[in-house]
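Reading the structure
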Amino acid sequence: MEKNALLNHEVVMASSDKTTNNFINKMKKEGRIIKIATKIYTTNLNDTPENIIRRNLFFILGELYPEAVISHRSAFECRPTNDGHIYLTYGYTKKISLPGITIHLLEGQKALPNDSPFMGLHMSCRARAYLENLQTGYSRDGVSKCLSQDVIEEKLDKILQTNGEKELNKLRDTAREIASLLNMTEEFKKLDSIIGAILSTKPSKILTSSVAEARALGEPFDSHRLQLFNLLMAALNEHEFENMPEPNETEAAYQNFAFFESYFSNYIEGTEFEVEDARQIIETRTPMPARNADSHDVLGTYYIVSNRKEMSVTPTSADHLIDILQHRHRMMMSARPEAHPGMFKTQNNRAGETHFVDFQQVRGTLKKGFEIYTALRHPFARALFMLFMISEVHPFADGNGRISRIMMNAELTAAGQSKIIIPTVFRTDYLSALRQLTRKDNPEKLINAIQRVRQFSKNLQGEDFKAMRIYMERCNAFKEEDDYILIF
């Protein structure tokens, strides 16, 4: 990387590389970069060190303490406490102060196979996090490394409410397997007792509540978008999502769903056909003579979403994510050479007042976004994150909405979950929910909106095309935004 590329990043870290450090010192003397903490510099000369460090915290931690495990309460909260405390399991115990942040390094077991790689760090897997939070947590500086037991009980109870006893027992089995590796056999006994009490198989006296329902020296990237991605990731990891197995197991039923998936995904972007015309295009594989390019848009989308094998492919690395995106875009936009099929945009794009990621930062932002994506556990959480990330980056000149929904449904197909359709009547709610996160840092509206349309979509099943269409008509799916989606 050229030295000037360092200045594309809000935070620059001191390096063991003499050339890099000489360049940093030169930029410091020129007033183009300032030091805000030991080994930490910034090109942002206007904002406070506290805000800059909070925005870039996980990158900074990954640079300072590579391979540390985000653990204890931080593994659940995915952010510092309100007072700025964050907890990492590392090779030794130490407390470090940065502007606005107190880092607690806790000596303990390095990452296990189930712990997720995350921006140069690891994130404790769910079972490990429960064990860590059941350690004896001494309060220092008015805050404990552990969530309170009643919060833990509420989280466990939420798993039971949402996905049943099987999921709770699966968590317990994983915790049993790793407890000895973590030297947390006593914590497992406590977890086992709490789960047993929640399932009414052990005495309930242990319970403390009513058990109610919790890096940048690389390619240029959009730091504000990463802040949004981290915000969404944290919100998603606080939810316990319902499993909705794919109901359309036969090929005919899967094709029926894929037709409407392609139909609505194009309609919502302005490629409007009557259902009968769209069906004829797909059944005959023949474009309408007067609308060749539009017909190919529907066909291109359908070729992807009707292919169960293709839709079962999800990214295993940041580079793989980019390969998948470009491959699917190439398939979808093959009849539109002006859209540069399979090529990332070469100039900036916008929608209304929303300016998407700068074309020079597309690859870097997607790669950093992938690192955040890997910290998500539930298929629906990954699907929703992928939807927002691709929509927010807008990596192509055209077809971004459709490709974002394809990537969302690929996550669900790969996990054997029911796919999602965004019907015409839901367009305003859908776009509004995306804007709420983009412009107002509010992820909950998006989570709630996509969960609602997910409930609608899981009812679209069967080999009877006409019955599926009639059901959607009853739900107002084809209405032009002047009505509400109904779910029966």
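The structure this text deals with has already been given above.
The following paragraphs examine the structure supplied in this document. Predicted, not measured: the structure shown is a model, and the values here were computed from it. (Residues numbered from 1 in each chain as written. Predicted model: local features only at pLDDT ≥ 70, side-chain atom pairs only at ≥ 80, totals over all residues. Heavy atoms only, no water.)

When a strand is regular, its side chains alternate between the sheet's two faces. Looking at chain direction, strand β2 (residues 34–37) and strand β3 (residues 40–42) are connected through three bridges and run antiparallel. Within β3, the position partnered with Lys-35 by the bridge is Tyr-41. From the end of β2 to the start of β3, which pair antiparallel, there are two residues, and Lys-39 there has a positive phi angle of about 70°. (Pairing = 2+ DSSP bridges. Helix = DSSP H or I, 4+ residues; strand = E, 2+ residues; numbered from the N terminus.)

All right, on to the side chain of Asn-409 then. Tracing the chain through its elements places Asn-409 in helix α15 (residues 400–414). Of the polar contacts made by the side chain of Asn-409, one reaches the side chain of Glu-261; its length is 2.8 Å. (Polar contact = N/O pair within 3.5 Å; in protein donor to acceptor, adjacent residues only side chain to side chain.)

Attention now goes to the sheet that holds strand β6 (residues 94–98). What the six strands build is an open sheet, ordered β6-β7-β5-β4-β9-β8; its pairing is mixed. Single-partner strands in this sheet number two, and they are β6 and β8 (116–118). Packing of helix α3 (residues 57–64) onto the sheet brings it into contact with β4 (69–70), β5 (85–90), β6, β7 (101–107), β8 and β9 (121–123), and relative to β5 it is tilted by some 30°. (Contact = heavy atoms within 4.5 Å. Axes fitted to C-alpha atoms, helices over the stretch in contact; angles between N-to-C directions.)

Taken together, three strands build an open sheet; the order of strands is β1-β3-β2 and the sheet is antiparallel. In this open sheet, the two edge strands, each paired with only one partner strand, are β1 (11–13) and β2. Ignoring which end each strand starts from, the neighbouring axes of this sheet average 40° apart. The pairing of β1 with β3 spans three bridges and is classified as antiparallel. What sits directly across from Met-13, in β3, is Ile-40. Packed onto the sheet, α3 meets β1 and β3 and runs at close to 5° relative to β1.

The next thing to look at is the packing of aromatic side chains. Under the criterion given, the structure shown has 20 aromatic pairs. Ring centres 6.1 Å apart and planes at 20° place the aromatic pair Phe-259 and Tyr-263 in the stacked group. Of this pair, Phe-259 and Tyr-263 both sit in helix α9 (residues 251–267), four residues apart, which is roughly one turn of the helix. Comparing Phe-259 with Tyr-263 shows no difference in burial state: the two are buried. Across the ring face of Phe-273, the terminal group of Arg-291 is positioned such that the distance to the ring centre comes to 3.9 Å. The ring of Tyr-373 is capped by Arg-382, whose NZ or CZ atom sits 4.6 Å from the centre of that ring. (Phe/Tyr/Trp six-rings, centres within 6.5 Å; stacked < 30°, edge-to-face > 60°. Buried < 20%, exposed > 50% of the residue type's maximum accessible area, 1.4 Å probe, protein only. Lys NZ or Arg CZ within 6 Å of the ring centre and 35° of its normal.)

Before going further, it helps to spend a moment on the pattern of salt bridges. For the structure on display, the rule yields 29 salt bridges. In this structure, Glu-269 engages Arg-405 in a salt bridge whose closest nitrogen and oxygen atoms are separated by 2.8 Å. One end of the pair, Glu-269, is in the loop between α9 and α10 (275–284); the other, Arg-405, is in helix α15, and 136 residues separate them in sequence. Residue classification places Arg-405 among the buried positions, given a relative accessible area of 6%. Between Arg-328 and Glu-310 there is a salt bridge; the shortest N-O distance is 2.6 Å. (Salt bridge = Lys/Arg side-chain N within 4 Å of Asp/Glu carboxyl O.)

Functional significance is not addressed by these values, which are geometric in nature.
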